Amino acid sequence: AIRTTTATARTFALVCSITRVTVLSLSTMASPKTSYPYQPPKWTKDILENLPPHGRLQLANVPTPLYQVEGYNKNKDSSILDTLTKHNIQLFVKRDDMTGGVEMGGNKLRKLEFLMADALAQKKDSIVTIGGEQSNHCRATAAVARMLGLEPHLILRTRRADQVGSSSSSNDNDNDNQVDNFGVTGNILFDRMVGSQIYTCTPGEYGRVGSEQLLKDVCALLEHKQDKLPYAIPVGGSNALGSWGYIDGVEETVGQFSKMRDSAGNFANLDHVVFACGSGGTAAGICIGMALARSKKPQVHAMGVCDTPDYFYETVAGIANDMGLVLPSFIPTEEWVRQHMIVHDSKGLGYARSTKEELEFVTQFSLETGIVLDPVYSGKALYNFFKLVEEDPDTYSGQNVLFWHTGGSLGMYDKGDDLLSTLDKISPIHRLDVYGDKE
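My aim in this report is to walk through the structure given alongside it, one point at a time. Every value quoted in this text rests on a predicted model; they were computed, and no experiment measured them.

### Let's talk about the nonpolar core
When a protein is soluble and globular, its nonpolar side chains tend to lie buried together.
Here is step 1 of the chain: By size, the foremost hydrophobic cluster in this structure holds 67 residues, and its most contacted members are M116, F275, I286, M290 and M341.
Here is step 2 of the chain: Once residues within four sequence positions are removed from consideration, M290 is found in contact with V250, V254, L270, V273, K297, P298, V300 and W404.

Put into structure tokens, the structure is as follows:
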């Protein structure tokens, strides 16, 4: 069960009027390619110097809802939320899985508003980006590219790189004999429905060559072989320009939370902000934003689902420098980042690999709250945050936690077989005896 307060509803309307400067009626609806001037939050003035050069598009459905979670469970003996309730911890969820439709939803859309505005301003005709086989970023980027009249090209990292692709059982020119064994599961289905040109590489090749070089290679191929004008977007859309999407997201969220009240009717404090971290751009925007936007700063927790904490500290610091973060000369940027954000190693078995316990957590959380997490990012992040609470309850007792849901639920399709035993228990199938004898 999810509860929103009247104040929350009022905040939605308020933030809508602040965030979207131009209100368009249906009769004057602009093209999605229309770029609008961007007015950064006041708290960035003289602190973030490198502003988005070409404004932003208006693609996302914002403000996204902010809910207080109240679990419902038929089995009163135990609940997935017991970890929080026994320590009087209030959980709020920022629903950035609702930024767009199923093809575009998730945290990437906030970044793409700025990145795609830049691509259009440079008169590019195609987009090249990179990610894992079930990349949410690649799926959203491909869909947005098509919406804007740009051709999507995706580099997907997959252990199946040597086994998948279109091949012919006999004559290469005989289309009827073409065998396509890449599949259409989850994000891949949407990648392909919008006609993405897909290039595969193995995780080993990705690690040795690097994502930046792979992007350069495909862009060069398009430029020299097809006379294209490609625009490269880094993994996750995570660079200085894309991270402005989450500077804007912090402004929206702080405005919403400032109107939230606790069960006693008092204004709620924002004590902790938790989110999944996979490429660093969202982390950079939230870390910088929360450090600058609030006098009482919440503790920011980036739950790293890949790589190492040191990697993300360095990555976020690099993005902050590229955004023109102005700090006193005696404070190195990475030290400042470490002061305002804790990166937790939450990758478990590894990127996109799930344990039985993680999948059970995601399923039970869905059952009790109606909120579907994903197995790669949000589910793994919240599962590991609950573990932190269990290990150190005194740090979180009596406090308010905002979990920033970054989307990605299409990734659950890839875990269907692993979920069957659990789903049989919580969602049994009954054959209806339609024509049974009536007594």
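The rest of the description comes next.
### Focus: unusual backbone geometry
Here is step 1 of the chain: Residue P63 follows V62 across a cis peptide bond; omega there is 5°.
Here is step 2 of the chain: Its location among the elements puts P63 in the loop between α1 (6-19) and β2 (66-69).
Here is step 3 of the chain: For N88, which is not glycine, the phi dihedral falls at a positive 55°.
Here is step 4 of the chain: Residue placement: N88 occurs in the loop between α2 (82-85) and β3 (90-95).
Here is step 5 of the chain: With a phi close to 65°, A352 is a non-glycine residue in the positive phi region.
Here is step 6 of the chain: Residue placement: A352 occurs in the loop between β12 (341-345) and α12 (356-369).

### Some words on the packing of aromatic side chains
Here is step 1 of the chain: Counted according to the given criterion, the structure contains 10 aromatic pairs.
Here is step 2 of the chain: Between F361 and F386 the ring centres are 5.1 Å apart and the planes differ by 75°, which places this aromatic pair in the edge-to-face class. Of the two residues, F361 sits in helix α12 while F386 sits in helix α13 (residues 378-391), which places them 25 residues apart along the sequence. Each member of the pair, F361 together with F386, is buried.
Here is step 3 of the chain: On the basis of an interplanar angle of 75° and a centroid distance of 5.3 Å, the ring pair of F385 and Y396 is categorised as edge-to-face. Linking F385 in helix α13 with Y396 in helix α14 (residues 393-396), this pair joins segments that are 11 residues apart in sequence.
Here is step 4 of the chain: With relative accessibility at 1%, the residue F385 sits in the buried group.
Here is step 5 of the chain: Members of the aromatic cluster, joined through ring pairs, are F361, F365, Y383 and F386.

### What about the pairing of strand β5 (residues 151-157)?
Here is step 1 of the chain: Counting buried residues in β5 gives six out of seven residues, a clear majority hidden from the surface.
Here is step 2 of the chain: Running through helix α4 (residues 136-147), the crossover from strand β4 (residues 126-132) to the neighbouring parallel element β5 is right-handed.
Here is step 3 of the chain: Bridge count between β5 and strand β8 (residues 197-201): five bridges; the pairing is parallel. Counterpart to L154 in the pairing with β8 is I198.

Parameters and conventions
- Residues numbered from 1 in each chain as written.
- Predicted model: local features only at pLDDT ≥ 70, side-chain atom pairs only at ≥ 80, totals over all residues.
- Heavy atoms only, no water.
- Core = buried A, V, L, I, M, F, W, Y, C linked by side-chain atoms within 4.5 Å.
- Buried < 20%, exposed > 50% of the residue type's maximum accessible area, 1.4 Å probe, protein only.
- Contact = heavy atoms within 4.5 Å.
- Helix = DSSP H or I, 4+ residues; strand = E, 2+ residues; numbered from the N terminus.
- Phe/Tyr/Trp six-rings, centres within 6.5 Å; stacked < 30°, edge-to-face > 60°.
- Right-handed = clockwise from strand over helix to strand, strands pointing away.
- Pairing = 2+ DSSP bridges.

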